[in-house]
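Structural overview for review
One-letter residues, chain by chain:
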Amino acid sequence: MDTNLRRRIRAGDHDAFGDLFDACARSVYNHAFRLTGDWAGAEDIVSLTFLEAWRLRESLDAEGGSLRPWLLGIATNVTRNTRRAVRRHAAALSRLPRGEPVRDFADEIAGRIDDAAQLALVQEALRRLRRPEREVLALCVWSGLDYATAAEALGVPVGTVRSRLSRARKKLAKYMELPHTARQMKGDRAPAVGPLREGNR
């Protein structure tokens, strides 16, 4: 089934690509959100990921299993490029004359999320990781890829995935057990960073 889908996509079959979107869009969205922490940004990354996947369809191997790792690898690269573009845009805006202050709606939005304080703490801990560590954590822990598949998605050796994941887990444990947060997070750390399996379609 996966091999047939690969061949159809390589051939430019729009129906096959639609099937791929239906099967994997949610996984790509979850992965993008875990890398960015931004709902709207994750939606943009899903769109860009599938546009890029369509552009790269002819480079897809005709033989193989699930296309999900391939898409997650593309999403990871799209996220990197998007962040670079955002930084460049922010730098350009910082050079413009300052206008009137605009009301910040961040608190209003955060209030809609259950346990917003804990979510902010987790996101801050994740932001302190190096980008390669966040990417491996998102692929292996949250998206449920094994070391070899994550290595394929990222284009790095398996040993690199193992070492990055190990460092990421140690750093998260350290960041979330700092004196001012240890009491708050002690009973909740495992669910916050534990695996959320999404399947392998």
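A word on the nonpolar core. Membership of the largest hydrophobic core comes to 45 residues, with the highest contact counts inside it found for Ile9, Leu20, Phe50 and Leu137. Within the residue set of this core, elements represented by two or more residues are helix H1 (2-10), helix H2 (14-36), helix H3 (39-55), helix H4 (68-94), helix H6 (116-127), helix H7 (131-142), helix H8 (147-154) and helix H9 (158-175). Among the elements that line this core, the one with the most residues is H2, at 10 residues. Setting aside its immediate chain neighbours within four residues, Leu137 contacts Leu126, Leu129, Trp142, Leu165, Ala168 and Leu172.

Time to look at the packing of H2 against H7. At their nearest, the axes of H2 and H7 sit 10 Å apart, and the two run at 140° to each other. With respect to H7, the element H2 is oriented oblique. The handedness of the crossing between H2 and H7 is right-handed. Here His31, Arg34 and Leu35 of H2 lie close against H7, whose contacting residues are Arg134, Glu135, Ala138, Leu139 and Trp142.

What the rule picks out here adds up to 4 aromatic pairs. Their ring planes at 75° and their centres at 5.1 Å tell us that Phe17 and Trp54 sit as a pair that is edge-to-face. Here Phe17, found in helix H2, pairs with Trp54, found in helix H3; they are 37 residues apart in sequence, far enough to count as distant. Given the relative accessible area of 22%, Trp54 is considered partly exposed. Connected via pairs of aromatic rings, a cluster forms that spans Phe17, Phe21, Phe50 and Trp54.

Basis of the calculations
- Residues numbered from 1 in each chain as written.
- Predicted model: local features only at pLDDT ≥ 70, side-chain atom pairs only at ≥ 80, totals over all residues.
- Heavy atoms only, no water.
- Core = buried A, V, L, I, M, F, W, Y, C linked by side-chain atoms within 4.5 Å.
- Buried < 20%, exposed > 50% of the residue type's maximum accessible area, 1.4 Å probe, protein only.
- Helix = DSSP H or I, 4+ residues; strand = E, 2+ residues; numbered from the N terminus.
- Contact = heavy atoms within 4.5 Å.
- Axes fitted to C-alpha atoms, helices over the stretch in contact; angles between N-to-C directions.
- Parallel < 35°, antiparallel > 145°, perpendicular 65-115°, else oblique.
- Left-handed = near helix turned anticlockwise from the far one by under 90°.
- Phe/Tyr/Trp six-rings, centres within 6.5 Å; stacked < 30°, edge-to-face > 60°.

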